[in-house]
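# Understanding the architecture of this molecule
If you want the building blocks of each chain, they are given just below.
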Amino acid sequence: MMVRRLLTVSSSALMLVGLVTLTWGFRDLPLDERPEWMAWQMVLWPIAALGLMEGWRFYRYWKRGWKISADRFKLLVHGVPSLWVAAMPAGAMTNWWGPQSFFALLDFPTAKVMASIWLAYTLWSAWEVTLP
């Protein structure tokens, strides 16, 4: 029980550090000058933070002999679009669909951060645990 609480606190702290780092990186940066490492950092921070919590839970289930399997449909329907939005180069949606389109809003940093958290949640919630 103590390990789970420690991992929960650690994952929360890691998420805060990630959000501060992302905000700091985007603060004075024009939208079209976002380096690619920021896109991958946006994707990796929430995955690592939530993985601390969820990974430990899955490990305990596996240790008890329970079967863990992936929900491939959820990974396809939620994971692919969220990765696509989070990792897409800035300005790509505006170039493809035009500046007045609905999809052009997906170029903004807020959408990218939200998509990376969406991806992390999808990756860690798409697992089914069943008794053997």
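Residues numbered from 1 in each chain as written. Predicted model: local features only at pLDDT ≥ 70, side-chain atom pairs only at ≥ 80, totals over all residues. Heavy atoms only, no water.

## Looking at the packing of aromatic side chains
Inspection of the entire model under this criterion finds eight aromatic pairs. Residues Trp 97 and Phe 103 carry aromatic rings whose centres are separated by 5.0 Å and whose planes lie at 40° to one another, so their mutual orientation is tilted. According to the relative accessible area criterion, Phe 103 is partly exposed, its value standing at 34%. Lying across the ring of Trp 66, Arg 64 places its NZ or CZ 5.5 Å from the centre. (Phe/Tyr/Trp six-rings, centres within 6.5 Å; stacked < 30°, edge-to-face > 60°. Buried < 20%, exposed > 50% of the residue type's maximum accessible area, 1.4 Å probe, protein only. Lys NZ or Arg CZ within 6 Å of the ring centre and 35° of its normal.)

## What to know about the nonpolar core
If you look at the biggest cluster of nonpolar residues, it comprises seven residues: Val 43, Ile 47, Val 85, Ala 86, Ala 115, Leu 119 and Ala 120. For this core, the secondary-structure elements that each account for two or more residues are α2 (36–63), α3 (72–87) and α5 (109–125). Broken down by element, this core gets its largest block of residues, three residues, from α5. Val 85 has contacts with Leu 106, Ala 111, Lys 112 and Ala 115, leaving out every residue within four places of it along the chain. (Core = buried A, V, L, I, M, F, W, Y, C linked by side-chain atoms within 4.5 Å. Helix = DSSP H or I, 4+ residues; strand = E, 2+ residues; numbered from the N terminus. Contact = heavy atoms within 4.5 Å.)

## Focus: a nonpolar patch on the surface
A contiguous nonpolar surface patch, about 640 Å² in accessible area, is contributed by Trp 84, Trp 96, Trp 97, Phe 102 and Phe 103. The residue Trp 84 is located in helix α3 in this model. Here Trp 84 falls in the partly exposed class, since its relative accessible area comes to 38%. (Patch = residues over 30% accessible without salt bridge, like charges linked within 9 Å, V, L, I, M, F, W, Y side chains within 5 Å. Areas by Shrake-Rupley, 256 points an atom, 1.4 Å probe, with all protein chains shown as cover. Salt bridge = Lys/Arg side-chain N within 4 Å of Asp/Glu carboxyl O.)

## Examining the confidence of the model for the protein
Scored by pLDDT, the protein comes out at a mean of 82, with 89% of its residues at no less than 70. Averaged pLDDT values over the elements of the protein bottom out at 74 in helix α1 (residues 2–26) and peak at 91 in strand β1 (residues 67–70). (pLDDT = per-residue confidence, 0-100.)

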